[in-house]
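Here is what each chain is made of, one letter per residue.
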Amino acid sequence: QVQLVESGGGLVQAGDSLRLSCAASGRTFSSYVMAWVRQAPGKERESVAAIRWSNGNTYYADSVKGRFTISRDNAKNTVYLQMNSLKTEDTAVYYCAAGQTAYGVMSLRNYDAWGQGTQVTVSS
């Protein structure tokens with residue numbers, strides 16, 4: 001199936017911005033939901049943003065709403081996560097994920113394909 005490769009993580013200060021990219025290759029589906037999922041050490045994975053390939057509709061977790069923006073570039077088969085006003089609590093490994101929609105858009109149960117993850121560290 002689809003292969004996903006994230007990039008763009010790094011170490012930033014609180015209040016800074018960062019843009020993550022996820023390049024997809026291999027077989028893709030127009031019906032896929034693409035998402036950014038984060039996981040801090042010792043914590044459960046959390047879907048922070050999702051986008052439908054088919055129509056571009058976006059969805060956000062309350063914790064990032066108003067600060068993060070997910071977008072797509074169909075020609076490049078790439079999904080982005082623009083993160084503004086970063087907080088220390090945003091520190092986590094961020095994964096790009098993809099899957100066919102079978103549950104609520106933000107449900108982790110949708111996702112069969114995962115990237116390797118990229119570390120985002122926000123210092124105070």
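Only a predicted model underlies this, so the values are computations on that prediction, with no experimental measurement involved.

Caption draft 1: Seen up close, the packing of aromatic side chains. Taken as a whole, this structure holds 2 aromatic pairs when the rule is applied. Here Tyr-95 and Trp-114 contribute two aromatic rings whose centre-to-centre distance is 6.2 Å and whose plane-to-plane angle is 80°, an arrangement assigned as edge-to-face. With Tyr-95 in strand S9 (residues 92-100) and Trp-114 in strand S10 (residues 113-114), the pair connects residues that are 19 residues apart, well separated along the chain. The exposure class assigned to Tyr-95 is buried, which follows from its relative accessible area of 14%. One aromatic cluster is present, built from ring pairs that chain together Tyr-95, Tyr-111 and Trp-114.

Caption draft 2: Representation of unusual backbone geometry in the model. Even without being a glycine, Asn-77 presents a positive backbone phi close to 50°. When you line up the elements, Asn-77 lands in the loop between strand S7 (68-73) and strand S8 (78-83). Look at Ser-85: it is not a glycine, yet its phi comes out positive at around 50°.

Caption draft 3: Structural context of the environment of Ser-85. Mapping Ser-85 onto the fold places it in the loop between S8 and S9. When the C-alpha atoms of Ser-85 and Arg-67 are compared, they prove to be 6.2 Å apart, with 18 residues separating the residues in sequence. Residue contacts for Ser-85: discarding those within four places in its chain leaves Gly-15, Asp-16, Ser-17, Arg-67 and Asp-90.

So, how was this worked out
Residues numbered from 1 in each chain as written. Predicted model: local features only at pLDDT ≥ 70, side-chain atom pairs only at ≥ 80, totals over all residues. Heavy atoms only, no water. Phe/Tyr/Trp six-rings, centres within 6.5 Å; stacked < 30°, edge-to-face > 60°. Helix = DSSP H or I, 4+ residues; strand = E, 2+ residues; numbered from the N terminus. Buried < 20%, exposed > 50% of the residue type's maximum accessible area, 1.4 Å probe, protein only. Contact = heavy atoms within 4.5 Å.

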